[in-house]
Each structure stands twice: as structure tokens, then as C-alpha cells.
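Structural overview
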Amino acid sequence: MLGNIRFIGELFKKSMLTERIMHTCIMKLLGEGEKTPNEEDVEALCKLMTTVGGQLDHQKAKAYMDAYFRRMEVLSKSEEMSSRHRFMLQDVIDTRAKGWRERRKEEGPKKIEDVHRDAQRAAMEQTRRAGGRPERTGSFGAMPRSDSRRGGDFDRPPSRGAPRGGDDRSGGFQRTESRGAFGGGDRRGAGGSGVRDERERGGGDVRGGGGAREMDARSSIPQPRGTLSAAESKPAAVPVPKVATEEKAMVDDAAFIAERKKTTEYFYDDKDTSEAVKVIATWDPRRIVAFIEYFLTTSFERRDMDWEAAYGLVRALAASDGPMSGAQLIEGFAPLFNNIEDVMCDLPKAGEHIAASLAGPVIDGSCTLASLADALRKATPEGEDPGYTLAEGFALTIFAHVLARVQALAGDDTDKMPALLKASGVKLADLRGEVDKDDGAVVPKLVEKLGLPGDIVA
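A brief look at the structure comes next. (Residues numbered from 1 in each chain as written. Predicted model: local features only at pLDDT ≥ 70, side-chain atom pairs only at ≥ 80, totals over all residues. Heavy atoms only, no water.)

Things to note about the nonpolar core
Put simply, the rule reads: Only buried residues count toward a nonpolar core. Its members are Ala, Val, Leu, Ile, Met, Phe, Trp, Tyr and Cys residues joined through side-chain atoms within 4.5 Å. Partly exposed describes any residue whose relative accessible area lies between the buried limit of under 20% and the exposed limit of over 50%, with all areas from a 1.4 Å probe on protein chains only and scaled to the type maximum. Numbered from the N terminus, helices here are DSSP runs of H or I no shorter than four residues, and strands are runs of E no shorter than two. Throughout, a residue-residue contact means that at least one pair of heavy atoms, one from each residue, lies within 4.5 Å.
Counting residues in each nonpolar core, the largest one holds 70 residues, and the members touching the most others are Phe333, Phe337 and Phe399. If one sorts the elements of this core by residue count, helix H18 (residues 394-410) sits on top with 11 residues. Beyond its immediate sequence surroundings of up to four residues, Phe333 is in contact with Ile292, Leu296, Val314, Ile354, Ser357 and Leu358. Ranked by size, the runner-up nonpolar core spans 25 residues in total, among them Leu30, Leu56, Met65 and Met72.

Below, the structure written as C-alpha cells:
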């Protein structure tokens, strides 16, 4: 079965199967409702996710993938599953958290030039560890002489006492008859010009009768000529590897994901808006923006969701003393606008919940109807022509529901919503897209259905 599952995944990667088929397979393997799937299906699920997860995990399918992995996380902690299958699930969860980078990359057969290159690198590494200098050859990968300093410390500067004239300036070692001295020539004469030049340049203490360097008693490797300054004698700073930086970023992301989840769950339980805002305010602004989509998407999937509390949290985040500006709030809603067709296909009431979440900030003046209309005009799902959400009528529907919710919040102040609409300069007819081109009846019918004043149609 595992072979067949991987074969299906490879067919999808070759574009021979559709993404919808992959989602259907994953749903069947995850099981229906709260029933725990059998372990064979779990193993197949992990193999399929490992094969195609990276291709399926894009912005348009994010809601689906988040739902799958929430279910997998529950299964990974279920006592009904064997420890082996719980660890398999956790491995897939960790792989997604790390951007779908496999812990053990499968390697295919090497090319002959790769084999030769690897062998030569191994030989050079062994030579460096032995303290010698790799032979200079004309083959691929040969190390230049300037890099063959002692101990493999390639960032270390050459000795200040490097000889002049025709001596080797590359920093490489050359053995002479005077007990392994540095330099290119025989420097045994006490009055030799090399010593005199060394002293004139302040090259440090040149020991021994003719200027030859003494060997370190503990090593057969000659020491550099001259006494280095304290700054030069310190080992070169080792740059932080890029991999280590990425690992730290991943750890930070994992910690944030855990905190975001905990904050959301606490809010669902106790509905404490002020405490949630206090925690969210400590986050990076970009993460606060992304939280809007996460919070609403998670809320869509809850059966016993208290939506009035959710609207209140969004309103508090964008309040004058909240951690978000109106522009950031609209930016946070943008992914939902882009994928509104898919979201409303799964949850027909989603559009109303999104509109109700925005109405509070609009009536508070945190964000304007003009900025909302502009974002809806630009909203486009991945792979579609620009303005798709507007052309298909979703922009009009969301905007009209925002007006209806603002009118409800205004209560007896019946002039509030029309005044905000007039100040924005937005006309409902400009948001109708392609749905009202024939008879011009869609906008009036929608206004009547939502109980909005008829004069806002003009």
C-alpha cells in the first residue's frame, strides 16, 4: 500500500493528478469525524504528506492544510495510536514546521566527477588535519597556496614578517636547512639582510643565531616569525553559519506558533478580550497582521463559536489604543478576501462573519470604507486574473454586509452608516463587477435584502 501511495504522490508531482484528488485522499486517510483511523491509513497518510505536502501547502489551500495538521496533532497525542505511528505523525508535523525540509535527504547515484571531487576534498581535509600542505595539482578543486595556512585557519592574516624580494609571499610553508624556518632562502647569517630588515620593520623578536625561527618544542610545525600583537594572536572570529541562523528562526517560529495557539485557545475558553490584546501587543507587527487570518480561519472550524466575542477581539485589536492600525487590519484580512470563494464554499456564512468583524473598526474610525473597498477590488485568488473577487460579485457582497452590520451597531443613529459611505466616496455600483451588467437589478435586490436604505444605491 505504501508503494501505491507514494506512486500516487509522484503522479501528482508530475501534474498527472489534480490537487483535488490529493485532498480527497488525505481526507479519507484521516478518517471521518472523531473516529480514529487505523494505523495502516496513518502510515499511508504520513507517506503521502511527505511526498506531496510541500506542493499542497500554499496560500490558497492553507485552510485545508491547517485543518489536516490540527487533526494529525490530535492523533499524535492519542493513546489509541502506537508510539511508532505517533512518532511518524510528529515527524511530518515537524517537517512542515521547518518548511518541508527533509531531515534525511534521499540521495541518488553520484556522477563520476562528483566522486572524484569528494575524494579530493577528503584528501585535502586529511592533509590539513595532519598539519601539512596539500599538493598543488591542476585537477579540479585544488587548493590555492594562499589558503594553505596552518591548522586550516583561512581567515588568519599572514605573518607581518614575510620576507621581501623573491621569497614566497603566499603565506605557505617552505622547509629550509635551518630547522624548518619560515621564508624562501637560507637565513643563517647573523648579519643577514633578512634579520636587519626584520628589525627595521619592527617585526618582533627574531631568535637564534642567524635569524632562523626556533621550532615549537611541542609541535613539528614551525611558528610564524615575529611576535604578533594581542589582537592578531586571538583566533579569528567564526561567522555564525547560515544554517544556525535558520535553525534559530525556526525555533522562534515554533515558539510563536505555540504561543499563538495557546492565546487563541485561552480566548475561546474565557472570552477575556483585554488579556488577549495584552499578549498579542507583545508580538512582532507582522505576526499580529497574520494573526487575523489565523484567528478567523480557526474560528470558522469551531462548532460552538461565540462570534460576538470574536468580533469584539478584532475590534479591540484595531482600536485607537490597540496594537494594530487600520491599514494593518485590512492587510490582515487580505488573504481571506483573496480566497473568499473557497472560504464561502466551505462555510456559506463566512462572508457575514468577515463583514461583522470589520464593522466595529469601521464605525470606530479605525479603518475606512474607502480602504476596505480598495482592498476588495484588488483581491484575487492565486492563478486567477486580477480583480477576480470583484468580477465574481464577492466584493459587493462583503461590502454590503459590512454596511448592514455598521447600521446595526449604530442603532438609533440612522445617519451614521450613510454618512460614512458618503465620506468614503464609494458607490455600490462600482463594486458590482460582472454580476449586474445585464439588468442592473442585483444591487437594489441586495440592498433590500439586507434592509439598507434605498438611497445608497445611487
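Here the narrative resumes.
Observations concerning a negative patch on the surface
What counts here: Here the term patch refers to residues with relative accessible area over 30% and no salt bridge, with like charges joined within 9 Å and nonpolar side chains (Val, Leu, Ile, Met, Phe, Trp, Tyr) within 5 Å. Areas reported here follow the Shrake-Rupley algorithm with a probe of radius 1.4 Å; residue values treat only the protein chains shown as occluding. Only one rule defines a salt bridge in this text: a Lys or Arg side-chain nitrogen within 4 Å of an Asp or Glu carboxyl oxygen. Positive: Lys, Arg. Negative: Asp, Glu. His and the chain ends are not part of the count. Note that the charge is assigned to NZ on lysines, CZ on arginines, CG on aspartates and CD on glutamates.
Side chains of Glu341, Glu384, Asp385, Glu392 and Glu434 sit close together on the surface and give a patch of like negative charge. Here Glu384 lies in the loop between helix H16 (369-378) and helix H17 (388-391). A residue is classified by how much of its surface remains accessible, and Glu384, at 37% relative accessible area, is partly exposed.

Quick look at the side chain of Arg96
We count it as follows: In protein, a polar contact means a hydrogen-donor-capable atom and an acceptor-capable atom, both N or O and within 3.5 Å, with residues adjacent in sequence counting only if both atoms are side-chain atoms; elsewhere, any N or O pair within 3.5 Å suffices.
Residue placement: Arg96 occurs in helix H5 (residues 83-97). Within the structure, the side chain of Arg96 is placed 2.8 Å from the side chain of Asp57, a separation counted as a polar contact.

Let's talk about helix H2 (residues 19-30)
Quick note on the threshold: Under the convention used throughout, the expected extent of a helix is 1.5 Å for every residue step, that is, one less than its residue count. In this description, one arc is meant: the one made by directions from the helix axis to the C-beta atoms.
Across its 12 residues, H2 extends 17 Å between first and last C-alpha, which sits within 8% of the 16 Å expected from 1.5 Å per residue. Taken together, the buried positions of H2 are Met22, His23, Ile26, Leu29 and Leu30. When H2 is viewed along its axis, its buried side chains cluster within an angular range of 130° and face the same direction. Every exposed residue of H2 that faces more than 90 degrees away from the buried side is listed here: Arg20 and Lys28. Phi turns positive one or two residues past the end of H2, at Gly31, with a value near 90°.

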